[in-house]
Amino acid sequence: MNDLMSLGIHRLWKDHFVRNLNPGRNPLTSSSSSEKGWNILDIAGGTGDIAFRMLDHASTINNDAHTKVTVADINPDMLAEGRKRALETPYARSPRLDFIEANAEKLDMIPDASIDLYTVAFGIRNFTHKEAAIREAYRVLKPGGVFACMEFSKVNNSLFDAVYKRWSFSAIPLIGQVVAGDRDSYQYLVESIERFPSQTEFRDMIKDAGFLVPGQGWEDLTGGIAAIHKGVKPA
Ligand SMILES: C[S@@+](CC[C@H](N)C(=O)[O-])C[C@H]1O[C@@H](n2cnc3c(N)ncnc32)[C@H](O)[C@@H]1O
């Protein structure tokens, strides 16, 4: 469904998201010899789409065989799908990949200041208390750690926006009905995208939680259909 709805573009966004974060500690260039690899928490990451890319990038680009990803999701069925997909990767039975059932708004099982990189891709839009989730991200990150969120956002060109709205409000529920037999969920999807804060509003929510925000705070993808926001926990 993701492929159909986004014409496959979500895969390019995810590749870009991971490449840009450049996960992993390259043993040849890293100044720190004591710490091995990054400790990454991928929230709302049930299917493992982001986690597998992170581990592939750390291994192949940064020659890092220690970086570890914990995939957290509130939905056990999504985690089961992720575990199933992991069987087709080299990480299935490795200590580098873990799946936990957790609500992003209350991550009691994750200690304070234990995470190098917190990612959430196309998940935060669905959280009931987004501010609480961002505060939890702040708590679990180490000083200097990075919060990175990729989410649907606001299109920044009015003509493109009109075309995009027409596509999303008419085609997406229809595709949902025909392909997945579930019009209502896809209607909810487009409405939740519409309700999600704008790029500046979301950037300010990240700042309000205490993060430092580099530059303008976000990068638009495909004219703002999606955006990547980042925050750094002060060292
Ligand atoms: C659209 S999927 C995104 C999956 C994946 N990150 C990706 O990009 O393909 C949204 C996910 O958010 C999860 N989710 C929703 N509310 C959550 C919460 N409060 N805490 C953790 N996960 C949540 C859902 O279970 C679902 O797996």
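Definitions and limits used
- Residues numbered from 1 in each chain as written.
- Predicted model: local features only at pLDDT ≥ 70, side-chain atom pairs only at ≥ 80, totals over all residues.
- Heavy atoms only, no water.
- Helix = DSSP H or I, 4+ residues; strand = E, 2+ residues; numbered from the N terminus.
- Polar contact = N/O pair within 3.5 Å; in protein donor to acceptor, adjacent residues only side chain to side chain.
- Contact = heavy atoms within 4.5 Å.
- Domains from an automatic or database assignment.
- Buried area = accessible area lost by both parts, 1.4 Å probe.

Caption draft 1: Spatial organisation of the side chain of K142. Position of K142 among the secondary structure elements: in strand β5 (residues 141-152). At 3.2 Å, the side chain of K142 forms a polar contact with the side chain of D116. Non-local contacts of K142, meaning those with residues more than four positions away in its chain, are made with E35, A113, S114, I115, D116 and K233.

Caption draft 2: Looking closely at the domain arrangement of the protein. Split into domains, the protein comes out as domain 1 (2-153 + 197-232) and domain 2 (155-195). Centre-to-centre, using C-alpha coordinates, domain 1 lies 25 Å away from domain 2. With 13 residues of domain 1 in contact, the opposing surface of domain 2 contributes 14 residues. Buried area between domain 1 and domain 2, both sides added, is near 1200 Å², and the carbon and sulfur share of it is 64%. Area buried by domain 1 at its contact with domain 2 is led by M5, R125 and I225, which between them contribute 46% of it.

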